[in-house]
Amino acid sequence: MGTTGEDRSLLLPGESKKIPFLGEFSLQCRLRYGQIPRLAVLPEWAEKTDKRDWHVDFVVKKGFDIALAGKPSTSIVDAPVSETVAVCPLEFDGMKQRLKVSEGDIVRKGSELMEDKVHPAFKLRAPAGGKVVEVVRGDRRFVEQIVIAVDPASEPEVFQAFPAESIASLNRQVILDQLVATGALSLIRQRPFSGMADVAVTPKSIFVNAMNTGPFQADAETVVHDDPVGFQAGLDLLIPLTEGAVHLCMGENAGETLKAAQRVTLHHFRGPHPAGNSSVHIARVDPMAPTDVVWTVKAVDVVVLGRLFLDGAFPESRIISLGGSNVKPGANQHYRVRMGGDLKPLLEGALCDGEHRVVSGDVLSGAAIPLDSHLRLRQSALTVVAADCERHFMGWTMPGLLQMSFSRLFVSSWLPWKRDWKLGTNLHGEERALVLTGHYDKVMPLDIMVDFLIRAVMAGDSDEAISHGILETDPEDFALCDFVCPSKVEVQAIIRQGLEQIAEEGI
Amino acid sequence: MKFILNFHDKIRHLFEKGGTFEAVGPIFDAADAFTFTPSEQAHQGAHVRDAIDIKRVMVTVIYALLPCFLFGVWNAGNQYNTAHAIADAGLVQDIIRGLIIVMPLIMVSYAVGGFWEVLFSCIRKHPINEGLLVSGFLFPMILPPTIPLWQAAVGISFGIVIGKEIFGGTGMNVVNPALLSRAFIFFAYAKSMTGNVWVASAGDVAVDAVTGATPLGVLSALPEGVTVADAIANGQVSFTQMLIGNLPGSIGETSAIACLLGAAVLLATGVASWRIMVACVVGLLSTAALAKGFGSSPMSQIPIHYHLVAGGFAFGAVFMATDPVSAAATTAGKWIYGFLIGMLVIVVRVLNVGFPEGVMLSILFMNLMAPLIDSFVVDHHLRRRRKRA
């Protein structure tokens, strides 16, 4: 590892320099002594054709934007009131559950529902006050949902509130204590292992993601524009948590609110999915060594964190996006929903006919949830696509006008006009041995040899997987590999399994 | 087509676990998946998926092979009719004769190869792999038209069982099964693969020995005092003829133009690696230029562009070297792998008097070397990663 610290930096990332005739250069990573600088070159002619008043720091070339139908519009409407809320402990991965309530208990908003047996300071708290009506258990008696019937008259439990100006100068421990005690820490993710942040470690840097290229994630600008004060407060409280910088990464279409963020380093990215993934941002802005720890937060969650510190309580509601091909045109937009609210009032009348698959998160890397369950606290997107098991006659040789493919094996890929595809959940094949090698690399902008990484994981060779860079990644980075794979290999699942194995063994 | 689906659904239970025909379940699954795409849904990972699957990839290779197949059928018939001095043989007669020669080989290849594939699938309880679609079609294309059917059957058995199934089936093999099948016949039944075997004969009719030799065979066995330049000048070997391919030779490989058409399909659809094809050509041309500059053997005097269209190079570079399973998997590895194939082809052709043609052995050898090349490339990549960190 090179020497860290501001004092030895020659140039800061994002700083740019104009060189006559050659164009504008900007630094892609912090330049240190003995390190070869990696520069982004933007020729002058490109700048002239570019109407924007700021330039893109990083251009990501590899990747693929799937043209899916049902993109949510940026308008925000209030969703119908949900009479129940639920906490789904399984989304807080790795948590050892200890239930603190039982059916029939009266809880207040912010009351403790469950704690982690390993780290008892970490608690899950009620997103609204009322009566616990149901504790749903699943496999091995894990608690799947704690459902609360909302009582609007219930008084919330209040944590400490801070004035906006003081947040940036708060003590690190004060912030962490509040994040842990409220369970809000689960909104901050940690590399390696892409799990919940570990408060015992000080991260090298924190990456805030305001550029979700995954299909139909909540639009960061839309959400942040709704509460700029909360957003800035959230950014401020992140600053004391790291020894390095807080990087705010945004796309080229980022709006004014995002660009107005203070006291953080701004980075602009351009490119197809997964250019908006935090792994790509980290790799380009401040690459990780296997021993480094980096925290990541979504910009839409920063607003929630900010509100928690400004008001001393979780916000009652948040903004999520609803999209997907099975959502009726017009209903695909952003909704202000109750935290952990019921799906039924939200989706009633908003869906087309047929069988649905409801995905919490984006359709490439999210988790399928039942239609009769509740919104997840960590996710800010809801996608509904058709559950499709239709069989196509001689699919292996038909021209494929109505089949969508990244490859050029279907007539549709050759047509000059573009269309939005209504893709369902059809696997379009069966799992086979890996045959086409190098196929994944076309959609992988990280410096990772996917074929060899997943082979190392499948062979259980953790050392090899680590040297291939598995610790820098999150399973979501391999979502497009899942998508394009002709052998239908579950790449995300393999990476997740590899990360779990390494976490278990210890590095 | 609904009735087929209904019929399948009606009899499906017989082939599932506990059914009467459970043992041959994979056969039903294969037939079922052949008529209709599977009904499986994505259960984990990405919830929407690309329409591509291995079946479609493999079938695209078959389509790319069609120009070679069609030309090969006509050429085999035409060579036969010419050798037997059937004077009024027209296009139709050539094609009929060609089909009589070629179709039994394809049927034997698919039937015997299919038998092994199904046997292993049933025993191992895994679905029947699509790899055979291509291997079973490639194999007859690289056989001489005179090969006895039983030898073809033994050859494909060796290639499928030893070359592929014992490693775990399609995707796990080290070398190209079709090429290994041919190599087996080449060494086990050398008489069927060398000498005067390139034109089908009816057995009772004596075939003129000169017309039965491939261009590379002619050049490697030039009589004393005749140089390569002489042979070209007097029309014994012609570039145009090799480009078009109306010559004796293995069934599918004689026409460079047909191979180019196949290459166009493979590259346009992105099924085969353009890097490997380009690297093969670069390796071949640069080594041939070296040989022409410094070599002293008669074969080294062949004009370098002749090497591109001669023998099985075009076919090998387009269809055999690019087999994604047995080729190098890394981008840099593909360049090295292809270049070395091209180089070795010339080394065998020019330096080895015993074998006028070296495409098969070069590709097989590089198939074996591919993991080593990949290992070097991956090591380099990992060293670079470590340095960066």
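Residues numbered from 1 in each chain as written. Chains lettered and ligands numbered in written order. Predicted model: local features only at pLDDT ≥ 70, side-chain atom pairs only at ≥ 80, totals over all residues. Heavy atoms only, no water.

**Overview of the overall build of chain A**
To be explicit about the condition: Runs of H or I in DSSP of at least four residues are treated as helices and runs of E of at least two as strands, each being numbered from the N terminus. The buried label applies to any residue whose accessible area, calculated with a 1.4 Å probe on protein chains only, is under 20% of its type's maximum; exposed applies above 50%, and partly exposed to all values in between. Between two residues, a contact is recorded if the distance between any of their heavy atoms is within 4.5 Å.
Summing up its helical and strand segments, chain A has 13 helices and 23 strands in all. Out of the 507 residues belonging to chain A, those deemed buried represent 60%. Contacts in chain A between residues far apart in sequence, at least 24 positions, make up 68% of those at least 6 positions apart.

**Brief notes about the overall build of chain B**
Our working rule: Throughout, the radius of gyration refers to the C-alpha atoms, and the reference size of a globule is 2.2 Å times the residue count to the power 0.38.
In terms of regular secondary structure, chain B is built from 16 helices and zero strands. Against the 2.2 N^0.38 benchmark of 21 Å for 389 residues, chain B shows a C-alpha radius of gyration of 23 Å, consistent with a compact globule. The principal-axis extent of the C-alpha atoms belonging to chain B is close to 75 × 65 × 35 Å. Considering chain B as a whole, with its 389 residues, one finds that 54% of them fall into the buried category. In chain B, the share of contacts with a sequence separation of at least 24, taken over all contacts with a separation of at least 6, comes to 72%.

**What to know about the pattern of salt bridges**
Residue and element names in this part refer to chain A. Put simply, the rule reads: The salt bridge definition used is simple: a Lys or Arg side-chain nitrogen within 4 Å of an Asp or Glu carboxyl oxygen.
All told, the structure shown has 28 salt bridges over all chains when counted by the stated rule. One salt bridge connects aspartate 286 with lysine 204, and the closest N-O pair in it is separated by 3.2 Å. With aspartate 286 in the loop between α6 (278–285) and β18 (294–298) and lysine 204 in the loop between β14 (195–196) and β15 (205–210), this pair connects stretches of sequence that are 82 residues apart. Looking at lysine 204, the relative accessible area reads 12%, which means it is buried. Note that aspartate 227 and arginine 307 form a salt bridge whose closest N and O atoms lie 2.7 Å from each other. Taken as a pair, aspartate 227 in the loop between α3 (220–226) and α4 (228–238) and arginine 307 in helix α7 (residues 299–311) lie far apart in primary sequence, 80 residues in all. Summarising the burial analysis for this pair, aspartate 227 and arginine 307 share the class buried.

**Topic: the confidence of the model for chain B**
Residue and element names in this part refer to chain B. Applicable threshold: Confidence scores labelled pLDDT are given residue by residue by the predictor and lie between 0 and 100.
Across chain B, the average pLDDT comes to 88, with 97% of residues at or above 70. Within the model, pLDDT remains below 50 along residues 204–210, and this stretch shows six contacts once partners closer than five positions in the same chain are excluded. For this predicted complex, the interface score ipTM comes out at 0.88, alongside a pTM of 0.88.

**Overview of the packing of helix α4 (residues 91–124) of chain B against helix α6 (residues 149–161) of chain B**
Residue and element names in this part refer to chain B. The condition that has to hold: Between N-to-C directions, angles span 0 to 180 degrees; the directions come from axes that are lines fitted to C-alpha atoms, helices contributing only their stretch in contact. Take the far helix as your reference; a near helix turned counterclockwise from it by less than a right angle gives a left-handed crossing, and one turned clockwise gives a right-handed crossing. Classification convention: Asp, Glu, Lys, Arg as charged; Ala, Val, Leu, Ile, Met, Phe, Trp, Tyr, Cys, Pro as nonpolar; all other residues, Gly among them, as polar.
Where α4 meets α6, the axes come as close as 9 Å, and the angle between the chain directions of the two elements is 35°. Crossing angle aside, the handedness with which α4 passes α6 is right-handed. Facing Pro104, Leu105, Val108, Ser109, Val112, Gly113, Trp116, Glu117 and Phe120 of α4, the residues of α6 in contact are Leu149, Ala152, Ala153, Ile156, Ser157, Ile160 and Val161. Looking at the contact of α4 with α6 residue by residue, the classes come out as twelve nonpolar, three polar and one charged.

**Focus on the interface of chain A and chain B**
To be explicit about the condition: Two parts placed together each lose some accessible area; with a 1.4 Å probe, that loss summed over both constitutes the buried area.
Between chain A and chain B, the residue contacts involve 71 residues of the former and 61 residues of the latter. Both faces combined, the contact of chain A with chain B buries some 6000 Å², and carbon together with sulfur accounts for 55% of it. At the surface where chain A touches chain B, the tally comes to five salt bridges. For Arg432(A), the salt bridge identified is with Glu130(B), shortest N-O distance 2.8 Å. Elements supplying a minimum of two residues to the side of chain A that touches chain B: β21 (356–360), β22 (367–369), α11 (462–467), α12 (479–484) and α13 (491–505) of chain A.

**Concerning the confidence of the model for chain A**
Residue and element names in this part refer to chain A. Averaged over all residues, the pLDDT of chain A is 85; the fraction at 70 or higher stands at 89%. By mean pLDDT, the top-scoring element of chain A is β18 (95), and the lowest-scoring one is helix α1 (residues 44–49) (42). Between residues 1–11, whose pLDDT stays under 50, and residues either more than four places distant or in other chains, the model counts 20 contacts. Confidence drops under a pLDDT of 50 for residues 28–54, and excluding neighbours within four residues, the segment shows 69 contacts in the predicted structure.

**A word on the sheet that holds strand β4 (residues 58–59) of chain A**
All names here are of chain A. To keep things clear, this is the line we draw: Strand pairing is assigned whenever DSSP detects at least two bridges linking the two strands.
Spatially, the seven strands line up as an open sheet ordered β4-β17-β16-β15-β18-β13-β14, and their pairing is mixed. At either end of the open sheet lies a strand with only one pairing partner, and these are β4 and β14. Sheet analysis places β4 next to strand β17 (residues 265–270), joined by two bridges and oriented parallel. When the bridges of β17 are listed, phenylalanine 58 appears paired with phenylalanine 269.

**Points about a nonpolar patch on the surface**
Residues and elements named next belong to chain B. Definition in use: Residues forming no salt bridge and having over 30% relative accessible area are the ones grouped into patches, like charges within 9 Å of each other and nonpolar side chains (Val, Leu, Ile, Met, Phe, Trp, Tyr) within 5 Å. Using a 1.4 Å probe, accessible areas were evaluated by the Shrake-Rupley method; residue-level cover was limited to the displayed protein chains.
On the surface, a nonpolar cluster with roughly 560 Å² of combined accessible area is contributed by Leu267, Trp274, Val278, Val282, Trp335, Ile336 and Phe339. Contributing elements (two or more residues each) for the nonpolar patch: α12 (274–294) and α15 (331–351). Mapped onto the elements, phenylalanine 339 comes out in helix α15. By relative accessible area, phenylalanine 339 is classed as partly exposed at 31%.

**Focus on helix α3 (residues 54–83) of chain B**
All names here are of chain B. What counts, and what does not: In a helix, the anticipated span is given by 1.5 Å times the number of residues less one. We define the bend at any residue as the angle between the axes fitted to the seven residues before and including it, ending there, and the seven starting there.
Its 30 residues give α3 an end-to-end C-alpha distance of 42 Å, which sits within 8% of 44 Å, the value for a rise of 1.5 Å per residue. The largest bend along α3 measures about 40° and falls at leucine 65, with the proline proline 67 one to four residues further on. Where burial is concerned, most of α3 is hidden: 23 out of the 30 residues are buried. Directly beyond the C-terminal end of α3, a positive phi value near 55° is found at alanine 85.

**Structural notes on the state of the cysteines**
In plain terms, the rule: A pair of sulfur atoms, both from cysteines and within 2.5 Å, is called a disulfide here.
Going through the model one piece at a time under the given rule, you end up with zero disulfides over all chains. Take Cys389(A): it sits in no disulfide, and the sulfur closest to it among the cysteines is that of Cys352(A), at 17 Å.

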